[in-house]
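This is what each chain is made of:
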Amino acid sequence: MTNLAHAPSTDAFEACACYLCGANAADPLVTGEDDLTGKPGRFSFVRCRQCGLAYQSPRLTLDWVKLYYDDEYIAHRKKTDWGWLTPFYEKSMRKHDLSKLALVDRALKLEPGRRVLDIGCAAGTFLRELIARDKIAATGVDFKDLSHLPTLNGVDFRCGLLSEQSLAPRGFSLITMWHFLEHDYDPNATLARCRDLLADDGRLVIEVPRLDSLSYKLYGARWPGLQAPQHTALYSKATLMAMAEKQGLEVVEYLPWGAFPSYFYLFAGAAFKLLRGRGLNLDRAILPYFLGQILLSPVLLFERRLNLAMQTIICRRAQ
Ligand SMILES: [Zn+2]
């Protein structure tokens, strides 16, 4: 029976080999809880003895992990009413999308009509911004059926896994994965498929949390980048680049930051330490969140140099 009245029992878990090198031998790294929503269970991350990749093992089966993707999962943007703070929330979400556009601009210049694929597209607001600005043709894939959301109007939305989608090989000028790869149960297959889908002059942009960052050192088992049990792997700079290269991708640019605000991790990690697995009440957290952001704004000016929490790679097909 799959429900979350209690912590998942051992038969909810499956053994998992290293995604990067395939080895089974690994040492314990850290044990995490679902600090964001407070659902039950403790989840182990290990570090591969052979290549150093950190990953969750054993991991929940797919049927089980779905239960941890709450309906209020913030990326799905179902909640829109935050009281008097709604304009601040909307402004920061729009800023997040515009930061993604700025990263796209580092990767390539998109001509009108070019095809763009966003894997793990959630509500599709990034694609909407890109359609409005660059007149591109957008495809979005997400395992949750979000097709009813008005933000996905004009997007070729595909519900399901990337591997289930029929898409034109070498058909995409740009493929993006914003905080998707670290959730992926088969990141090798996804990266290999991205390589096949990329046009010859195309670019793939991948953003994930960075394990070898200041925020992990600060928070350890309460690091928001664990996002247990959803995160299957925790990538450092070295292991992220190695994963891409293993699948025939060349890393054109590495950035120790991303579109996602590192401040969120600084704030949430501190809150998770205080709450110790009880879950973050977003309604109550939103005001301290914005106040903290104002207080920390002098530090956040240097976000790109401080290796706080995020990383991004821009890739092309290896020659
Ligand atoms: Zn390994």
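The written sequence of each chain sets the order in which its residues are numbered from 1. For a predicted model such as this one, the threshold for reporting local features is a pLDDT of at least 70, and the threshold for listing and counting side-chain atom pairs is 80 or more; totals across whole chains, interfaces and linings nevertheless cover every residue.

Draft legend 1. Region of interest: the nonpolar core. Put simply, a nonpolar core is buried Ala, Val, Leu, Ile, Met, Phe, Trp, Tyr and Cys residues tied into one set by C-beta atoms within 7 Å. Burial in this document is a count-based property: other C-beta atoms within 10 Å of a residue's C-beta are tallied, and the residue is buried at 20 or more, exposed at 12 or fewer, or partly exposed in between, with C-beta positions derived from the backbone. Within the largest apolar cluster, 63 residues are counted, with the highest numbers of intra-cluster contacts made by Leu53, Ala54, Tyr55, Val116, Ile175, Leu204 and Leu234. This entry defines residue contacts through backbone-placed C-beta atoms, with two residues in contact when those atoms are within 7 Å. Excluding residues within four positions of it along the chain, isoleucine 175 makes contact with Leu117, Ile119, Cys194, Leu197, Leu198 and Leu204.

Draft legend 2. Focus on helix H2 (residues 86-107). Helix and strand definitions here come from DSSP, where helices need a minimum of 4 consecutive H or I residues and strands a minimum of 2 consecutive E residues; each element is numbered from the N-terminal end. One fewer than the residue count of a helix, multiplied by 1.5 Å, yields its expected span. Taking 1.5 Å of rise per residue, 22 residues should cover 32 Å, and H2 covers 32 Å from first to last C-alpha, within 8% of that figure. As for H2, its buried residues are in contact with helix H3 (125-134), strand S9 (172-178), strand S10 (198-209) and strand S13 (310-317).

Draft legend 3. Here's a closer look at the pairing of strand S7 (residues 137-142). Most of S7 is tucked away, with five of its six residues classed as buried. Seen with its strands pointing away from the viewer, a crossover is right-handed if its path from the first strand over the helix to the second goes clockwise. Of the crossover connections in this fold, the one passing from strand S6 (residues 115-119) over H3 to the parallel S7 is right-handed. Strands were regarded as paired on the criterion that DSSP finds at least two bridges between them. As paired elements, S7 and strand S8 (residues 156-159) share four bridges and run parallel to each other. Across the sheet, the residue bridging to threonine 139 is aspartate 156, located in S8.

Draft legend 4. Examining the packing of H2 against H3 more closely. A fitted line through C-alpha atoms serves as each axis, taken over the contacting stretch for helices, and the angle formed by two N-to-C directions is quoted from 0 to 180°. Interaxial distance between H2 and H3 falls to 9 Å at its minimum, and their mutual angle equals 60°. One way to sum up the angle between H2 and H3 is to call them oblique. H2 and H3 meet at a crossing whose hand is right-handed. Here H2 contributes Met93, Asp97, Leu98, Lys100, Leu101 and Val104 to the contact with H3, which in turn contributes Thr125, Phe126, Glu129, Leu130 and Arg133. Residues are grouped as follows: Ala, Val, Leu, Ile, Met, Phe, Trp, Tyr, Cys and Pro are nonpolar; Asp, Glu, Lys and Arg are charged; all remaining types, including Gly, are polar. Of the residues in the contact of H2 with H3, the class split is six nonpolar, one polar and four charged. With respect to orientation, any angle under 35 degrees is reported as roughly parallel, any angle over 145 as roughly antiparallel, any angle of 65 to 115 as roughly perpendicular, and every other angle as oblique. By the definition used in this description, the sense in which the near helix is turned from the far one sets the handedness, with an anticlockwise turn below a right angle giving left-handed and a clockwise turn giving right-handed.

Draft legend 5. Focus on the sheet that holds S10. Here we have seven strands laid out as an open sheet, ordered S8-S7-S6-S9-S10-S13-S12, and mixed in their pairing. Each having just a single partner strand, S8 and strand S12 (249-255) make up the two edges of the open sheet. Put simply, the sheet's adjacent strands are angled 20° from each other on average, direction ignored. As defined by bridge partners, S9 adjoins S10 across six bridges and the pair is classed as parallel. The residue bridging methionine 177 from the neighbouring strand is isoleucine 206, located in S10.

By themselves, these figures tell us nothing about what the structure is for.
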